[in-house]
Amino acid sequence: MTALTDGRRAPGPHHGDLLTIGQLAHRSGLAASALRYYESLGLIHATRTTGGQRRYTRGTLRRIAFVRAAQRVGLSLDEAKVALDRLPERPAPSGTEWDRVAESWQSRIDEQIAELELLKRKLSGCIGCGCLSLSRCALYNAGDRAAEAGPGARYLLTRDPAEGPEPVSPDADDLGAE
């Protein structure tokens, strides 16, 4: 420990407070490659030794836990970064600062809950009816919108199933013709 002449500890991280990437991986449960990726995104930060090795403060464990919690509730890494950018790196964020960030997620979490409840209702209905029909399925083909795009396996030709089947081009008389 680095001490000042009056016995107080010098400011900043000290050698005993820093974790290697291996130690951080072990403590966080993430692979070192994931930690390097998080660092490249700016989610966590490391200092470097004179030999170029990464060293992380113990507070980095909190940041990683925060990112993992964000992912569990369905937030993206970009959304987690926006939240983390509102927090101070040093000193460690206070409970009040963490609470403010968590509160900012409430509407996003509420939206996800509503979407999941809707999906659950639709999925329960789908499993319950057993139709397995894309012409009647309210989950994947509401209002039989695939029929409007023409015959054939329209969803296999779709790049984004959430947007529906690709439109039929006006000059295509036969889907099999080239």
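A brief report on the enclosed structure follows. (Residues numbered from 1 in each chain as written. Predicted model: local features only at pLDDT ≥ 70, side-chain atom pairs only at ≥ 80, totals over all residues. Heavy atoms only, no water.)

## Considerations on the pairing of strand 3 (residues 54–57)
- Pairing between strand 1 (residues 18–19) and strand 3: two bridges, direction antiparallel. The residue bridging L19 from the neighbouring strand is Y56, located in strand 3.
- With two bridges joining them, strand 2 (residues 47–48) and strand 3 adopt antiparallel strand pairing. Directly across from T47, in strand 3, lies its bridge partner R55.
- Here strand 2 folds back onto strand 3, and the loop between the two strands holds five residues, one of which, G52, carries a positive phi near 90°. (Pairing = 2+ DSSP bridges. Helix = DSSP H or I, 4+ residues; strand = E, 2+ residues; numbered from the N terminus.)

## Section: the packing of helix 1 (residues 21–28) against helix 2 (residues 32–41)
- One way to put it is that helix 1 packs onto helix 2 with a least axis distance of 9 Å and a crossing angle of 105°. Here helix 1 is positioned roughly perpendicular relative to helix 2, judged by the angle of their axes. The segment helix 1 lies against helix 2, with I21, L24, A25 and S28 engaging A32, L35 and R36.
- In terms of residue class, the contact of helix 1 with helix 2 is made up of five nonpolar, one polar and one charged. (Axes fitted to C-alpha atoms, helices over the stretch in contact; angles between N-to-C directions. Parallel < 35°, antiparallel > 145°, perpendicular 65-115°, else oblique. Contact = heavy atoms within 4.5 Å. Nonpolar A, V, L, I, M, F, W, Y, C, P; charged D, E, K, R; others polar.)

Keep in mind these numbers describe shape, not what the thing actually does.
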